[in-house]
Amino acid sequence: MAFDIDMIKKVYKTMPERVDKARQIVGKPLTLSEKILYAHLWDGNPTTAFTRGKDYVDFAPDRIALQDATAQMALLQFMQAGKPKVAVPTTTHCDHLIQAKQGAAPDLKRANETSSEVFDFLASVSNKYGIGFWKPGAGIIHQVVLENYAFPGGMMIGTDSHTVNAGGLGMVAIGVGGADAVDVMAGMAWELRFPKLIGVKLTGNLNGWTASKDVILKVAGILTVKGGTGAIVEYFGPGAKNLSCTGKGTICNMGAEIGATTSTFGYDDSMERFLRATDRNEVADEANKIREYLTGDPEVYEDPESYFDQVIEINLDTLRPHLNGPFTPDLATPVGQLGKLAKEKGWPIKVEWGLIGSCTNSSYEDLTRAASIAKQAVDKNIKAKSDFGINPGSEQIRFTAERDGILKIFEDLDATIFTNACGPCIGQWDRSDLKGDEKNTIVHSFNRNFSKRADGNPNTHAFVGSPEMVAAIAISGRLDFDPMNDVLINEDGEEVRLDPPQGIELPPRGFDVEDAGYIEPVEDGSKVDVSVSPTSERLQLLEPFTPLGNKITGAKLLIKAFGKCTTDHISMAGPWLRYRGHLDNISNNMLIGAVNAFGKKTNFIKNQLTGEFGGVPDVARDYKAKGIHTIVVGDHNYGEGSSREHAAMEPRHLGVAAVLVKSFARIHETNLKKQGMLGLTFDNESDYDLIQEDDTINFLDLDQFAPDKPLHIEFVHADGSKDVIKVNHTYNQQQIDWYNEGSALNLIKKESAS
Ligand code: SF4
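What you see is a predicted model, and the numbers here were worked out from it, not measured in a lab.

Visitor: Just checking my understanding: could you explain the site of the ligand for this structure?
Guide: Close contacts around the ligand come from 14 residues, with Ser358, Cys359, Cys422, Cys425 and Ile426 the closest. Partitioning the shell around the ligand into residue classes produces seven nonpolar, five polar and two charged.

So this is what it looks like as C-alpha cells:
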C-alpha cells in the first residue's frame, strides 16, 4: 500500500521555490490554499497572479482516488484513452457496493457474490494500468486515503465529492467527475477555476458534548448548501490547532455539504501525530523540513479580512452540539432546541435508528467517543431505545477497535457492526424494521441527509450529528433528548445522566491490522486481460458521443425541475448503484427523483409528441428515437451533491442537449461540459417562470459559441407566442472544443492519436 515517498519528496523539493515565487508575483503574504495551488501549477513555476473566482488554471495533482461506484465509468473511459499506465499514483476503493443488512461477515459475503463481476473488473483493470486496489471490506475510500496517502501540502483529486476529507491532513483534495480523473490518469492537466477563499478562524477549545462535527454543522448553518460554492474554506487559529487530525478531516469532509471546492487546515502537531501513528514517519520528517510552507503566512492569519474573500469566526468554547436536518444538511439546530422545533414541524420524535460511521465520522477517535457514551448506557443499566448500526472507516480501525474492546461495548448494546464500507450512507441499507414508506426519524453521523438517501424512503427524517450525540440520542430513543440537561430512566426505574464523552485521539497501543485489504498492481500490466461481457447488465463498453453541433432547433422541453435537484434526483443511488458501469441501463433512472414543475410530481412528464404522460427516461427515449433533442430546466444549485458524472452522461446518452438552470453546483456543471453538452444559466432568473410545458426550443446563436459571450434561446409556446431568453455560460475555449468534439474524451483520443 506504500505511499509514494519519492513523489512526496519531489513535491516538497519544489514547493518552497514555487511558493516564494508566487508570493512575489501576488505581491502579498499567501494563504495555505494559495501556496498549495501555486505549487501545483501544470506549467511549474508561477508566472501569473490568478484572479480568484475567474481564471481557469491548469493544475498537476499528485494523486487520484477512485471509489467502486464511480471507478467503473472512469476506468471504462480511461480504457478508451489508449494509455498503458496511469500517469499519477492512483487507487481504487471498493466501498459503495456493499449493502448493510445482517452484519459485516454475511453482508460482505453477499456483496462479493452479487457484485463479483464489478469487483473483478475493477481489480483487473487496476492491475493492468498500475492502480492500487483496495478490495471490498478494506474500508471507506476517504478514511483509507487519510490513513495511507494524504500528505500536507499535496493536491489530490478523487471521483467522489468527499475526497475533500483529506484536507484534514493539510491537502487541497477535490472531488471531481470521472472524466476529470481520466484526464489526469491520461497524463493531462486538470483544469479548475481559481477558487475564492473563505477563512474560518477557530478560537477556544472544544469541550463537553461539542465535537469537531459541530464546527461544520455550525458552518453549514451559516453558509448554507450554496455558501461555499467556488471557494476553498481554510481553517486556522488557535482552535484549529487543538483539533485532532481526524476531527479536521470530519470538518473538511462536510465542506462538500456547503458546496465548497474543498477545505483545508495548515500542517500542525495533530497532523504530525497522525502521520507517525499511521506508520508514515518519513512523511512527517519531510513535512517538518518545510513546515512554514505547509501553512498560511502568519500575516494572513493575523489580519484575515485582508486576505480572504469572506471570514467567519467560531469560538469553540461556546459552540453547542447541533443536529442538522431533516432533508438538508444546512438546517442547523442546537440540540436543546430541536424538540420544540420537531413538534412544531411534525417531525417524528421517536428515533428508530442511530447510525455511526461513514467517511465523515468513523475514525478511532470517533468510535471511542461514541463508545464512551454506549458504555455508560451498559454500566448504568439503560437499554438503548433505538437500533444501533456501526460502520468502521477501515479494516485498520475495525481491527484496532476490536482489539481494544471498543466494538464489544457497542455489541453489548445490541449494535450491529456492519462492513467497513459506506452502507446506509449511500442507500445501501436493507432496512427491515419498516413495512412501507412510513414517516420515521433516524439520526446518523454521516454527512448527507437528502430525502431517500439512507433507505430510499422519502419519509425518513434523517438528522446529522456527531457520533457521540448520535449514540446519546439513539440510547434515549428521542429526538428531543438533550444529554446536557435531561435525565434517562434506566431498567431499574432510576433517573440517570449521561456524562460528556471521552475520546482517545489515537490508539495508545498503535494501529494494528492483519489484512488491510490492499492489492499492489503488477509492474507490467500489458499481459493482464480485462474482459467485459457484451451481455453483462452491469458493465458496458462505451461508444463515443456524437457532437451536438452548432444548430439545435426544434428541441423539446423534457422536464422543468422544481426546487432542489441534486445528483441524487438526477441519477439516484441506492439500487441503481448496481448499473454504474452500464450507461444504457443506469439511464433508466435519469431524473426520476426530480419534481416536475408542472403538476409537482416526480417521474411524470408530458410527451409532447403523444400528449401522454410518462416517466422521464421513457419520454426521453421516445424523443431520442425520433431524433429530437431535449433540454432540461432547473432551479438553484442544480446538480449539488455528488461528483457522479452519470448525472451528466445519462442525459447526454438519452438525447438531452442542454441543461438550463438558475445556478449550478460546480462539479456537475463541469461534468456536463466534459460530456460535450451545454450547461447554461439564466441571465435573468425570473425567466425560469416563462418556460412552459409544451415549449419547443431553438438556439439562435450557437454558431457563435465563444468564451464570455452569452447565448440566446427562443422558446416557442403551444399558442405560438415566443420568448427569447438570454443565457450565460462559463465555457472557456478548451471546453468549447470539448463541446465541438462531442466530449472531452473524444478530444483526448484525437490528441493522443495525433
Ligand atoms: Fe461513502 Fe457516504 Fe462517504 Fe460517500 S459520503 S464516500 S457514500 S461514506
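This is not the end of the story, as more comes after the structure.
Visitor: What am I meant to see in the pairing of strand 31 (residues 722-728) here?
Guide: Two faces belong to every sheet, and in a regular strand the side chains alternate between them. The sheet contact formed by strand 28 (residues 678-682) and strand 31 spans two bridges and is antiparallel. When the sheet's bridge partners are listed, Phe682 is paired in strand 31 with Val727. Where strand 30 (residues 711-716) lies against strand 31, six bridges are found, and the strand directions are antiparallel. Across the sheet, the residue bridging to Ile713 is Ile725, located in strand 31. Hairpin connection, strand 30 to strand 31: the antiparallel pair is bridged by five residues, and Gly720 has positive phi, about 95°.

Visitor: Is there a simple way to explain the environment of Ala179 in this structure?
Guide: Relative to the assigned elements, Ala179 resides in helix 7 (residues 178-185). Through-space distance from the C-alpha of Ala179 to that of Phe133 is 20 Å; in sequence the pair is 46 residues apart. Here Ala179 is in contact with Gln77, Glu645, Asn671, Lys674, Ala744 and Leu745, once residues within four sequence places are set aside.

Visitor: Would you mind showing me how to read the domain arrangement of the protein here?
Guide: Under the domain assignment, the protein is made up of domain 1 (5-315), domain 2 (322-336 + 343-428 + 437-484) and domain 3 (555-753). Here the C-alpha centre of domain 2 lies 26 Å away from the C-alpha centre of domain 1. Counting residues at the interface gives 40 residues for domain 1 and 42 residues for domain 2. Contributions of two or more residues to the side of domain 1 that touches domain 2 are made by helix 4 (104-114), helix 6 (141-148), helix 8 (212-223) and helix 10 (245-253). By residue number, the principal contributor to the side of domain 1 that touches domain 2 is helix 8, which donates six residues.

Reading the values: rules and limits
- Residues numbered from 1 in each chain as written.
- Predicted model: local features only at pLDDT ≥ 70, side-chain atom pairs only at ≥ 80, totals over all residues.
- Near = placed C-beta within 6 Å.
- Nonpolar A, V, L, I, M, F, W, Y, C, P; charged D, E, K, R; others polar.
- Pairing = 2+ DSSP bridges.
- Helix = DSSP H or I, 4+ residues; strand = E, 2+ residues; numbered from the N terminus.
- Contact = placed C-beta atoms within 7 Å.
- Domains from an automatic or database assignment.

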